[in-house]
There are 2 protein chains.
Amino acid sequence: MQYAPDVATPEPAPEARSLRGRSAAHVAERIRERILSGELPPGERLSERSLTEGLGVTRTPLREAFKILETEGLLAIVPNRGAQVVELSPADVDMAMELLAGLESVAAELACARGTDEQFAEVARLHARMVACQRAGDLVGYFRVNQDIHQNIVDCADNPALSRVYRTESARVRLYRFAGNRVSARWSRAVMEHEQILLALQQRQGPLLRELLRAHHLNGWRVTRRVLENELQPDL
Amino acid sequence: MQYAPDVATPEPAPEARSLRGRSAAHVAERIRERILSGELPPGERLSERSLTEGLGVTRTPLREAFKILETEGLLAIVPNRGAQVVELSPADVDMAMELLAGLESVAAELACARGTDEQFAEVARLHARMVACQRAGDLVGYFRVNQDIHQNIVDCADNPALSRVYRTESARVRLYRFAGNRVSARWSRAVMEHEQILLALQQRQGPLLRELLRAHHLNGWRVTRRVLENELQPDL
DNA sequence: GCGACGATGTTTGCATGCAATACGCGCCCG
DNA sequence: CGGGCGCGTATTGCATGCAAACATCGTCGC
């Protein structure tokens, strides 16, 4: 790698060309993936040494990536004690879910007013894939497609700022929401709710879509919260 | 606390104690202030050299601060060409205003449901100060208090995530919104709208407050957009 | 025996150094 | 006379070095 092949190597590698100037962003992306996948769980302390070795960069771009992820709300940096993955209390997730539900209600009416039929068709395709995942019992795939559907609905509002905020805030709580999908009763009902949501979107019924999304969020979060608070055991 | 009042405090200075570990955040705050005050206008290129000299830090924390501000949407960092203050097109501001209006509508109902009378009283105090600024012709003071009022209303929703997002997104467009307040006809009408908003809040009429805020935003932004597009000359 | 203290290795925070890229400017050629 | 090219300088991107803070553990005093 970059371990000083001394002379005669102007190019670092034929494949990884010119990452210069994007190092921190690249490292942040890698760490973000690991956090969102659960590989780096909430509370995990991130040592600069191990990450630099694992990612093949030095501490400077790594520390810049930490600042990015801290601003996104994924890391907490404690002075002189390094970075750790943010741990959210049920109350924190509660607040975040309220925000996400609010963002989706705002998006709902805009999406019905401005979304293109092509965008709606894409949501419908995702919906079909989600149903397929459910049938196949593929919980992870289901959850990922589910997230994609909600992001796509928000994107239908055709407001980049709204989409960006929704994406960032959604990422913050992704791990916590996953818990609620591990309950079979909720799973089948969520799919039915999605059917209605898709219909309302395609028929451009803004106020209805708004209420459906709000209710969908509320229902899902009610179950998830009980799981997080250990009042309900996942059965999947 | 952790300031070890033990013995012989080896603190370098009584005033600037232990900034270690907070350098980047401190620098980011300073630069943020300069951007929001207009001292660093949109498009301005930020040279590392001049900023390090002006702020008394080295390039490492400064570059970390750049990453923070980039993530907040205040700076754009072009690889190998440094950082510059983000320049928003009227369309960008349009999208941002739509988002802010949406966040306020979400906050409206929550604020009416959960806000305390003390919080409402604070909004009322700010409103009085705003009116005083208007009477005194203090445009800058008026604008600042105006921002405070809107932030306070959002804060009444008692949702930290919502407050944080509103604050960040509001900051991104602060400079652009200011233009619209430089029109006298809009100024007096905005104050009237605020009277109604305050009343609806105090009477906890969520849906009404929601609509009033939406209309208030729409009215304000309509004027501001015309100023930004040079179709309307400020008369203040 | 127990707790506080201190030595030492580890980790973080920031300064500095080096290499790569961008930029300004004069020159050459058309 | 204008445009492209090359060179020198400035600036950025990242690696490394050094000092402060932390942590771990052994020792000492009580």
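Chain A appears in an unreviewed UniProt entry as DNA-binding GntR family transcriptional regulator from Ancylobacter vacuolatus.

We now examine the packing of helix α4 (residues 90–114) of chain A against helix α9 (residues 206–228) of chain A. Residues and elements named next belong to chain A. At a closest axis distance of 8 Å, the pairing of α4 and α9 adopts a crossing angle of 160°. Taken together, α4 and α9 sit at an angle that is classed as roughly antiparallel. The chirality of how α4 crosses α9 is right-handed. Each of Pro90, Val93, Asp94, Met97, Leu100, Ala101, Glu104, Ser105, Ala108, Glu109 and Cys112 in α4 lies in contact with α9, whose residues at this interface are Gly206, Leu209, Arg210, Leu213, His217, Trp221 and Arg225. Considering only residue class, the contact of α4 with α9 consists of 10 nonpolar, 3 polar and 5 charged.

So, on to the domain arrangement of chain A. Residue and element names in this part refer to chain A. For chain A, the assigned domains read domain 1 (23–85) and domain 2 (90–228). Taken together, the contacts link 7 residues of domain 1 with 6 residues of domain 2. Carbon and sulfur atoms supply 73% of the area that domain 1 and domain 2 bury against each other, a total of about 540 Å² over both sides. The largest share of the area that domain 1 buries against domain 2 comes from Leu36, Pro42 and Glu72, three residues that together contribute 68% of it. Where domain 1 meets domain 2, there are 0 salt bridges. Connecting domain 1 to domain 2 are 0 residue pairs in polar contact (both at pLDDT 80 or more). Looking at the side of domain 1 that touches domain 2, its residues break down into 4 nonpolar, 2 polar and 1 charged.

Residue and element names in this part refer to chain A. Here the structure, examined in full by the defined rule, presents 4 aromatic pairs over all chains. Relative to Phe178, the ring of Phe143 has its centre 4.6 Å away and its plane inclined at 70°; by these criteria the two rings are edge-to-face. Linking Phe143 in helix α6 (residues 139–156) with Phe178 in helix α7 (residues 160–178), this pair joins segments that are 35 residues apart in sequence. Residue Phe143 is classed as buried on the basis of its relative accessible area, which comes to 9%.

Laying chain A over chain B is done by rotating through 180° and shifting 0.0 Å along the axis; what remains is an RMSD of 0.0 Å. A rotation of that kind, with that shift, is consistent with a two-fold axis. A shared interface surface links the copies, since 100% of the contact residues of chain A are contact residues in chain B too.

Attention now goes to the nonpolar core. With 39 residues, the main nonpolar core has Leu103(A), Leu162(A), Leu103(B) and Leu162(B) as its most contacted residues. Mapped by element, the contributors of at least two residues to this core are α4 and α7 of chain A together with α4 (90–114) and α7 (160–178) of chain B. Residues within four places of Leu103(A) in sequence aside, it is in contact with Leu162(A), Val165(A), Tyr166(A), Leu99(B) and Leu103(B).

To continue, consider the protein's contact with DNA strand D. Lining the immediate surroundings of DNA strand D are 23 residues, of which Arg20(A), Ser23(A), Thr58(A), Arg59(B) and Arg63(B) lie closest. Near the protein, meaning within 4 Å, the atoms of DNA strand D are sugar or phosphate in a fraction of 66%, with bases accounting for the rest. Contacts to DNA strand D include Asn80(A), whose side-chain N or O atom sits 3.4 Å from a sugar or linking oxygen. Between DNA strand D and Arg63(B), the relevant distance is 2.2 Å, taken from a phosphate oxygen to a side-chain nitrogen or oxygen of the residue. If you list the elements that add at least two residues to the surface near DNA strand D, you get α3 (59–72) of chain A together with α2 (48–55) and α3 (59–72) of chain B. Examining the composition of the surface near DNA strand D, we find that 3 residues originate from one element, α3(A), more than from any other. For the surface near DNA strand D, the per-class residue count stands at 5 nonpolar, 8 polar and 10 charged.

So, on to the sheet that holds strand β2 (residues 75–78) of chain B. All names here are of chain B. Strand order in the open sheet formed by 3 strands is β1-β3-β2, and the pairing between neighbours is antiparallel. The open sheet is flanked by β1 (45–46) and β2, the only strands paired with a single partner. Sheet analysis places β1 next to strand β3 (residues 82–85), joined by 2 bridges and oriented antiparallel. By the bridge assignment for β3, Arg45 is matched with Gln84.

Turning our attention to the side chain of Glu64(A). Looking at the element boundaries, Glu64(A) is found in helix α3. When sequence neighbours within four positions are dropped, the list of residues in contact with Glu64(A) reads Ala24(A), Arg63(B), Glu64(B) and Lys67(B).

Moving on: the pairing of β2(B). Residues and elements named next belong to chain B. Where β2 lies against β3, 4 bridges are found, and the strand directions are antiparallel. Of the residues in β3, the one forming a bridge with Ile77 is Ala83. Count of turn residues in the β2/β3 antiparallel hairpin: 3 residues, of which Asn80 carries a positive phi of about 70°.

Opposite the 32 residues of chain A that make contact, chain B presents 32 residues. Regarding the contact of chain A and chain B, the summed buried area is about 2600 Å², with carbon and sulfur atoms giving 57% of it. Remark: the boundary between chain A and chain B carries 6 salt bridges. Put simply, Arg63(B) and Glu64(A) hold a salt bridge, and the shortest N to O gap is 3.4 Å. Linking chain A with chain B are 12 residue pairs in polar contact (both at pLDDT 80 or more), by the criterion used here. In terms of residue count, α4(A) provides more of the side of chain A that touches chain B than any other element does, 10 residues in total. Classifying every residue of the side of chain A that touches chain B by side-chain character gives 13 nonpolar, 5 polar and 14 charged.

Rules used throughout
- Residues numbered from 1 in each chain as written.
- Chains lettered and ligands numbered in written order.
- Predicted model: local features only at pLDDT ≥ 70, side-chain atom pairs only at ≥ 80, totals over all residues.
- Heavy atoms only, no water.
- Axes fitted to C-alpha atoms, helices over the stretch in contact; angles between N-to-C directions.
- Helix = DSSP H or I, 4+ residues; strand = E, 2+ residues; numbered from the N terminus.
- Parallel < 35°, antiparallel > 145°, perpendicular 65-115°, else oblique.
- Left-handed = near helix turned anticlockwise from the far one by under 90°.
- Contact = heavy atoms within 4.5 Å.
- Nonpolar A, V, L, I, M, F, W, Y, C, P; charged D, E, K, R; others polar.
- Domains from an automatic or database assignment.
- Buried area = accessible area lost by both parts, 1.4 Å probe.
- Salt bridge = Lys/Arg side-chain N within 4 Å of Asp/Glu carboxyl O.
- Polar contact = N/O pair within 3.5 Å; in protein donor to acceptor, adjacent residues only side chain to side chain.
- Phe/Tyr/Trp six-rings, centres within 6.5 Å; stacked < 30°, edge-to-face > 60°.
- Buried < 20%, exposed > 50% of the residue type's maximum accessible area, 1.4 Å probe, protein only.
- Least-squares fit on C-alpha atoms with pLDDT ≥ 70 in both.
- Core = buried A, V, L, I, M, F, W, Y, C linked by side-chain atoms within 4.5 Å.
- Near = heavy atom within 4 Å.
- Pairing = 2+ DSSP bridges.

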